Amino acid sequence: MLNYCPILENATLHKLTLQNRVVVAPMSRVSTVGDGVPTEQMNTYYRRYATGGFGLTITEGTYIDRSFSQAYPNQPGITNEQQQKGWETIVSSTHEAGGKIILQLMHAGALSQHLSNTRSASSIQPVRHMLGGYSNKQGDFPLPEAMNLSEIDDAIRSFTDSAVRAQKSGFDGIEIHAANGYLLDQFLTDYTNNREDQYGGSVENRCRFTTEIISSIKNVVPNNFIIGVRVSQGKVNDFDYLWPNGINDGKVIFTCLKNAGADYIHFASEGKGFNHGCLTRDRQSLPRLAREITGLPVIANGGLDNPDEAIRILKEGHADFIALGTGALANPDWPIQLKSKRHPLPFNPDMLAQGVTIDDQFTWEDEATV
């Protein structure tokens, strides 16, 4: 194995000092009782990443309003006092265990598996089918209605209000979910946006919704409160999608995010890993481009639970941090294992074979240790 120092050294994200460069990636766990209020079981789940040595945890996508943003029936939200207080418990517990935590703010748009009446950039049928395990709803996604300008303004306010709630809850920052095929990515993506107003057409215009959200939040939170953005090429319903103009699209998108005031860029690679989702058709690294043209910290994601691959990503300058999804599920103490020179366990798909909830995971873990 390679030297682990690049991963385990202290690092700074905006004005936040982290004990290492390992981040828990956002993963939907749909584990509330249907009211969107974070539970004590969720507290146990998130706290163990802090005790396991992760420098930063980014929560699962959290819905921001009660109109059109919710993706899944048991998804957590941050739209009222009860939900906010539930998150306060998790934040306090994470901080007590020595970790840092960021809340991901999410609007599902056309990919909601909770709503029948959905909104998107344009009234275009989403490709492929709903995800198994997250909802009783299956089959085709509903045909969305195109958002009007008033609804866009409402969504910007909802993101902003939710960020304020997150800041009051004690979170170290928020991450705007503009990736994986959800609402903001639906505006950014060419084949889901055929608008002819200021939110359609050029890449700059298609990025406008996201940048206006960043700017709005920036105006109402303290300067030391982190505002990150997650972007991706692939989507949960289209893993193989790549930005049509590759590096040129990346230059525009990353510059727009930087100019709007983003504090970091999280480049996700869903489904097929870093070497597929983070590279252009001609094999150029979009995360590395983001670092070079913005000077912002970049988080990379996509099958990086292999320590040698994670170290390569850092040493070759693709990213400043690595985010683990299934690798963190399999190894909630992944950084401690590296520090002890132990090789992390591979993810076992059986962990989630009966469902994707935290309860399903904990039940499997209990049975696996018998």
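Just so we're clear, the structure is a prediction, and the values are computed from it rather than from any experiment. Every residue gets a number counted from 1 within its own chain, in the order that chain's sequence is written. The predicted nature of this model means local features are confined to residues of pLDDT at least 70 and side-chain atom pairs, given and counted, to a pLDDT of 80 or more, with totals for whole chains, interfaces and linings taken over all residues. No hydrogens and no water enter the side-chain calculation; it runs on all heavy atoms of the structure.

**Section: the sheet that holds strand 3 (residues 22-24)**
Threshold: Whether two strands pair depends on DSSP finding at least two bridges between them. Segments assigned H or I by DSSP are reported as helices when at least four residues long, segments assigned E as strands when at least two residues long, and all are numbered from the N terminus. Angles here are taken between N-to-C directions and fall from 0 to 180 degrees, while the axes themselves are lines fitted to C-alpha atoms, restricted in helices to the stretch in contact. The contact criterion used is simple: two residues touch if any of their non-hydrogen atoms lie within 4.5 Å.
Pairing is parallel in the closed barrel, where 8 strands are placed in the order 3-4-5-8-9-10-11-12. Taking the axes of each pair of neighbouring strands and ignoring which way they run, one obtains an average angle of 25° across the sheet. Of the strands in this sheet, strand 3 and strand 4 (56-63) touch helix 2 (residues 40-51), which is tilted by about 150° from strand 4. Contacts from helix 7 (residues 208-218) reach strand 8 (173-177) and strand 9 (226-232), with the element oriented near 170° to strand 9.

**Topic: the side chain of threonine 160**
Let me state the cut-off plainly: Three exposure classes are used, based on accessible area relative to the maximum for each residue type with a 1.4 Å probe and protein chains only: buried under 20%, partly exposed in between, and exposed over 50%.
Relative to the helices and strands, threonine 160 resides in helix 4 (residues 149-169). With a relative accessible area of 7%, threonine 160 lands in the buried category.

**Details of the pattern of salt bridges**
The condition that has to hold: In what follows, salt bridge is the name for a side-chain nitrogen of Lys or Arg lying within 4 Å of a carboxyl oxygen of Asp or Glu.
One pass over the structure, following the stated rule, counts 15 salt bridges. Of the charged contacts in the structure, one is a salt bridge between arginine 21 and glutamate 9, with a shortest N-O distance of 3.0 Å. Taken as a pair, arginine 21 in the loop between strand 2 (16-18) and strand 3 and glutamate 9 in the loop between helix 1 (5-8) and strand 1 (11-13) lie far apart in primary sequence, 12 residues in all. Among the charged side chains, a salt-bridge network with shared partners connects Arg119, Glu145 and Glu151.

**Describing the side chain of serine 112**
Convention followed: Residues adjacent in sequence count toward polar contacts only when both atoms are side-chain atoms; beyond that, a polar contact is any pair of N or O atoms within 3.5 Å, and within protein one must be able to donate a hydrogen and the other to accept it.
Turning to its location among the elements, serine 112 is positioned in the loop between strand 5 (100-106) and strand 6 (119-120). For serine 112, a relative accessible area of 0% corresponds to the buried category. One polar contact links the side chain of serine 112 to the main-chain carbonyl oxygen of glutamine 70, over a distance of 2.7 Å. The residues contacting serine 112, other than those within four sequence positions of it, are Gln70, Ala71, Thr118, Met130, Phe141 and Pro142.

**Things to note about the packing of aromatic side chains**
Note on aromatic pairs: each is described by the distance of the centres and the angle between the planes. Inclusion rule: Stacked, tilted and edge-to-face are the three classes applied to pairs of Phe, Tyr and Trp rings, where Trp contributes its six-membered ring and a pair requires centres within 6.5 Å; stacked means planes under 30 degrees apart, edge-to-face means over 60, and tilted covers the rest. Criterion for a charge above a ring: Lys NZ or Arg CZ within 6 Å of the ring centre, and within 35 degrees of the ring normal.
Enumeration according to the criterion identifies 13 aromatic pairs in this entry. Taking the centre distance of 6.3 Å and the plane angle of 85° together, the rings of phenylalanine 187 and tyrosine 199 count as edge-to-face. Here tyrosine 199 lies in the loop between helix 5 (183-188) and helix 6 (203-206) and phenylalanine 187 lies in helix 5, a separation of 12 residues in the sequence. The pair formed by phenylalanine 187 and tyrosine 199 is uniform in burial state, with each residue classed as buried. The class of tyrosine 199 is buried, set by a relative accessible area of 4%. Here a set of aromatic residues connected by ring pairs shows up, and it is made of Tyr45, Tyr46, Tyr49, Phe54, Trp87 and Phe171. Over the aromatic face of phenylalanine 321 sits the side chain of arginine 21, whose NZ or CZ is 5.8 Å from the ring centroid.

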